[in-house]
Each structure stands twice: as structure tokens, then as C-alpha cells.
Amino acid sequence: MASTRRVKRVASAQPGFLNVKTSADFNEASGVKRKRVNRNKKKNWNKYSDINDVESFLNDVRHQERTTGGLLSEKSDESLFFLDIGEPKKAEQKVPETVWGKTRRGKPARPLRIDLILQHDSLVQPPKDVLAHQQPNAKKLRRIAQKSEHLVAKGVLPRRLKRLQRRKPVIEGPKKVVTEANNYPERGYYDIWEQETKVSGDPWYLQQTGKKRVKRPDKLNEKPSLLPAVEVIAAGGSYNPDFFSHQALLQEAHEVEVKKKKADDKLERQLAVNKEDTATLDTVLQEEVEGLVEEDEEEEMAPIEEDDDDAVVGAIASGEKKTEKQRKKEKAEKIKDQLRLADRREIDQKQQLFQLRSIKASVKEQEQNTEEKQKIRKANQEAEKSQPRRLGRLKFQPQDMEVQLSDELAGSLRQLKPEGSVAKDRFKSLQKRNLIEPRERAKFKRRLKLKYTEKRAFKAIT
């Protein structure tokens, strides 16, 4: 009750408020006992709170602001009242009659009802959009601008202006030549399908804006291999070859097979077990008896003790402090050695004057050797361009030669049988030309073991 009375007292104290009695006031006046409610709980605030008087006051304030632009109690008398002295006499004006009944004779045109509904009749000013005038980091930007103005007044230019001053002026090239007539046969040829596009504009501006194209490295224009994409087989590989060319191709295939056989034999010899290294009964017995025989420990310890004594005596002898006479003597010998080396160096330099001819000959010979090594290195590099390089984990294995024996030759194209695979041939060609790395087929590894069981029908038979 105390809170309700306080709200009513505050509301009635506002200027321009009309005090209206509510149902609660009638209940208090009539002496009806109200229900006692615990107002400390939040669920009872809206349920048992009477705020009709506050809402009516706020609605009255909103209506006054919307119609008059503020509270009536705060308005002046001149804005609320006026002196009625009658309508002023106006000169009669002839209103022209228009079509479609928009105006009538002698009366001005009235606005449409829909236009009146859409008009803004509230006198309350719209709220100011604060976010529209805000700028992120405005204080920081203002401080930076003030600092730059202060430096410019002193004659200190910022880095951006310095870079603009150091920028080289654009040298205007020659004017464009007027295009010649199409019927002129000696005009320059223009390729409409040319891939390279001419960049027009300031090069410095294009570089700063990131629109300038990066220069293509010359290394990308070089081919990884000098081998042709499709290698033509020798004349002996034809379906109806010459006898001698076919025999030459057979000899080449034979040499390839001989090399493979030699490599396999060499591998077998390296992996073969040496009979001398195999274990015998004597060696097995000797290994089993190892460590069972006792050895004399006193004979082994005696020489070790003597060596330890000698080492201790040597350490004591080397740790003795040198006398002043010994240090002076060592210093004098050291100076004599330095002087001797300096004299020897001077003598060698004088002797080199008489060896200029031989030195010149040796330098010339060294340069010739260097040039020969460079030529050999370049020749090896050119030879490597036609050979497959090591690009991956595996080494390139050339494809087997497709050769037919003399009794397998076909007499015509009808009887010719195809050999090899076009896909495999192209794949090997890509590997040989260093376009892809050599690969091998992925091995299938079964995770779970297979389990073999007999079917019920098969068991019945057996």
C-alpha cells in the first residue's frame, strides 16, 4: 500500500495531470478489505500491482507531446490562445475549372483522404541518430591529423609525400601512329589471338595497387626434358621390316636382356652364403664353453697398477712450477723463432721475383684445366636433359622393348597382333620426360584374415 500511495503522490505532483479516482480508491473508501499479498515475490509484482494511474498519466503526457510538441503547463499563453478578429477580406480570385473533378468552381482543391492518413501529424522531434555521426578511432585520427599539420608547418613531410616527391616522372613515349588503311599491304601484322595483354597506365601506380603482373621467370619457359613427346620406334619394329634392321633391333633387345641377367647374377653372388662363415660342431662347442674357464686375476691386475703409478708420477712431474729463468729462456727462444720465420718469408718473396715466368705458366695451365672442366660439366648437363632425373623415392625403370621374333612377324596388317598398352606407354613417356615422378601400384593389404568354412549342404555329402 505504501508503494502504491507513493506512486500516486508522485504522479499527481506532475503538472498537467488530471487526478482520476481508481477502483482501489473506491475500495478503500467503502471499507472493503483487500487481499493481503506477499509483494517480496516477483510473480506477485504484476499480478497484484495497480499501475492504471501511472499508465493514464503517461498516456496523457504522450498525447500532449504528440499534439502540441510538449506539456501544456510549460507552453506560453501566446502559443495556446489567439485573438479572433474575423476572417480577413481577400480579393476574389477566379479558380479555373479542371478536369476529373479535382477542383470545383469557386473552391480550392482538397487533399485526398489517403494523403491525409499518411501525413506525419506528430510534433515530437525524431531522435537523433548518434551512430550516424560517430567515426571509429575518431580521437586517434584527429590526433594524427593534428600531428601531421604541426610537422608540415615545421617543414617535415610525411613518408608518403616524400615517396611521391622521389617518384620518377613518367616519360611520355612517342605519339601513337595513325592507323593505316586496310588496303595497305605493307602494314604491320597484328595477332588478335595473342595471349599477352598490353598493360596501360602508370607503372608506379600499378605496382602500388597490386595490379601489375608479376614477371614470369625464365626457368618456367624451359622444358624439363629434350625428349620428344612421342618417340618413333626403330625401323626394325615395323610390321614388315627389313631383314638387317630387324636383326639390329633384336641385337639391341638381346643386349638389354644380357645386362638384366648380369645384374641379377651379381645380386645373387652378393647375397650368397659363404661356406667358411657357416657354424661347425667345433665353433658351436667353443661358444657353449665360453666363460666357464676361470682366469688368473692377479696377473691381469699387476701391469694395471704399474701403469697407474707411472701416470701419477708423470702428472706430478708435469705440474711443477717453472722458475723465472726458465720462462725468460722460453720467451727468448720464441722471439728467435718468430724472427727466423719472418726472414724466411722475406727470402721466399724475393725468390718469387725470379719465378714469375713459371708462375705465369702454372696460372695459365690452371685456367685451361678450369675451362676444360666447365666444358665437360656443360656437356654432362646437356646429356642429363635427355635422361630421366630422380624426382621421387623410386628410380625410373624403362619400359620393356616390344620386339617380335622372326617367326612371329606378320605378313600383312590383317594378321598383325597388337602388343603393349597405349596408356602404359604414355605413362612411361611422362615419367621419362620428368613431368611426373616414377610410381608403383599400391599394394593391397588385407586387414582381417580369411576364414574358410564348409557349407551345410557340402557337409551332408561328405
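Conventions and cut-offs
Residues numbered from 1 in each chain as written. Predicted model: local features only at pLDDT ≥ 70, side-chain atom pairs only at ≥ 80, totals over all residues. Heavy atoms only, no water. Helix = DSSP H or I, 4+ residues; strand = E, 2+ residues; numbered from the N terminus. Buried < 20%, exposed > 50% of the residue type's maximum accessible area, 1.4 Å probe, protein only. Contact = heavy atoms within 4.5 Å. Areas by Shrake-Rupley, 256 points an atom, 1.4 Å probe, with all protein chains shown as cover. Patch = residues over 30% accessible without salt bridge, like charges linked within 9 Å, V, L, I, M, F, W, Y side chains within 5 Å. Salt bridge = Lys/Arg side-chain N within 4 Å of Asp/Glu carboxyl O. Lys, Arg positive; Asp, Glu negative; His and termini not counted. Charge placed at Lys NZ, Arg CZ, Asp CG, Glu CD. pLDDT = per-residue confidence, 0-100. Arc of directions from axis to C-beta. Polar contact = N/O pair within 3.5 Å; in protein donor to acceptor, adjacent residues only side chain to side chain. Phe/Tyr/Trp six-rings, centres within 6.5 Å; stacked < 30°, edge-to-face > 60°. Expected span 1.5 Å × (residues − 1). 1 Å grid on protein atoms, 1.4 Å probe; cavity = no way out; pocket = protein on both sides within 12 Å on 5 of 7 lines; lining within 4 Å. Points joined across faces, edges and corners; volume = space filled by probe spheres on them. Nonpolar A, V, L, I, M, F, W, Y, C, P; charged D, E, K, R; others polar.

Along its length, the chain carries 16 helices and zero strands. Buried positions account for 7% of the 462 residues belonging to the chain. For the chain, contacts bridging at least 24 residues in sequence account for 61% of all contacts bridging at least 6. In the form shown here, the chain has an accessible surface area of approximately 45,900 Å², with 54% of it arising from carbon and sulfur atoms.

A separate point is a positive patch on the surface. On the surface, Lys35, Lys41, Lys43 and Lys47 cluster together into a patch of positive charge. Within the secondary structure, Lys41 is located in the loop between α2 (23-30) and α3 (52-68).

Taken residue by residue, the chain gives an average pLDDT of 79. The fraction at 70 or more is 76%. For the stretch residues 20-24, pLDDT sits under 50, and the model shows six contacts to residues farther than four places along the chain or on other chains. Every residue in residues 301-308 scores below 50 in pLDDT, and together they form zero contacts with partners more than four places removed in sequence or on other chains.

Another point: the side chain of Lys428. As for its placement among the helices and strands, Lys428 is situated in helix α15 (residues 422-432). For the buried Lys428, which has no salt bridge, the nearest side chain bearing the opposite charge is Asp400, at an N-O separation of 8.2 Å. Contacts of Lys428, omitting those with residues within four sequence positions, involve Phe396, Gln397 and Gln399.

Quick look at α15 now. Listed in full, the buried residues belonging to α15 are Lys428, Ser429 and Gln431. Along the long axis of α15, the arc covered by the buried residues comes to 160°, so they all point the same way. Residues of α15 that are exposed and point more than 90 degrees away from the buried face comprise Val422 and Ala423. Two or three places before Ala423, at the opening of α15, Ser421 has a side-chain oxygen 3.5 Å from that residue's backbone nitrogen. Note on α15: the residue one or two positions beyond its end, Asn434, has a positive phi of about 60°.

It is worth spelling out the pattern of salt bridges at this point. Going through the model one piece at a time under the given rule, you end up with 13 salt bridges. Here Glu324 and Lys328 are joined by a salt bridge, their closest N and O atoms 3.7 Å apart. Of the two residues, Glu324 and Lys328 are both situated in helix α13 (residues 324-353); the distance of four residues between them amounts to about one turn of the helix. The exposure class of Glu324 is exposed, given its relative accessible area of 51%. A residue is classified by how much of its surface remains accessible, and Lys328, at 56% relative accessible area, is exposed.

Inspection of every chain in the model, using the stated rule, returns one aromatic pair. Ring geometry for Phe243 against Phe244: centres 5.5 Å apart, planes inclined by 75°, an arrangement best described as edge-to-face. The residues Phe243 and Phe244 share a single accessibility class, namely exposed.

Phi angles above zero are rare outside glycine, and Asn137 is one such case at about 60°. Tracing the chain through its elements places Asn137 in the loop between α6 (130-133) and α7 (138-154). Residue classification places Asn137 among the exposed residues on the basis of a relative accessible area of 54%.

With that settled, the discussion passes to the environment of Pro224. With respect to the secondary-structure elements, Pro224 resides in the loop between α9 (203-209) and α10 (243-271). The spacing of Pro224 and Lys385 is 161 residues in sequence and 7.1 Å in space, taken between C-alpha atoms. Contact partners of Pro224, with chain neighbours within four places excluded, come to Lys385, Arg389, Arg433, Asn434 and Leu435.

Let us now look at the side chain of Asn44. Within the secondary structure, Asn44 is located in the loop between α2 and α3. At 2.9 Å, the side chain of Asn44 forms a polar contact with the backbone oxygen of Asn38. Dropping the residues within four chain positions of it, Asn44 is found in contact with Val37, Asn38 and Ser49.

Let us look at α7. Spanning 17 residues, α7 covers 25 Å between terminal C-alpha atoms, matching the ideal 24 Å at 1.5 Å per step. Among the residues trailing α7, Gly155 stands out with phi positive, at a value near 100°.

On to the layout of surface pockets, then. Volume-wise, the largest pocket comes out at about 1,800 Å³. Lining the largest pocket are 48 residues, with Ile233, Gln399, Asp400, Met401 and Glu402 sitting closest to its centre. Of all the secondary-structure elements, those providing two or more residues to the lining of the largest pocket are α10 and α15. Here the lining of the largest pocket takes ten residues from α10, the largest share from any one element. Looking at the lining of the largest pocket residue by residue, the class counts come to 21 nonpolar, eleven polar and 16 charged.

Another aspect to go through is a negative patch on the surface. Side chains of Glu402, Asp407, Glu408 and Glu419 sit close together on the surface and give a patch of like negative charge. Residue placement: Asp407 occurs in the loop between α14 (356-385) and α15. Overall, the relative accessible area of 67% leaves Asp407 in the exposed class.

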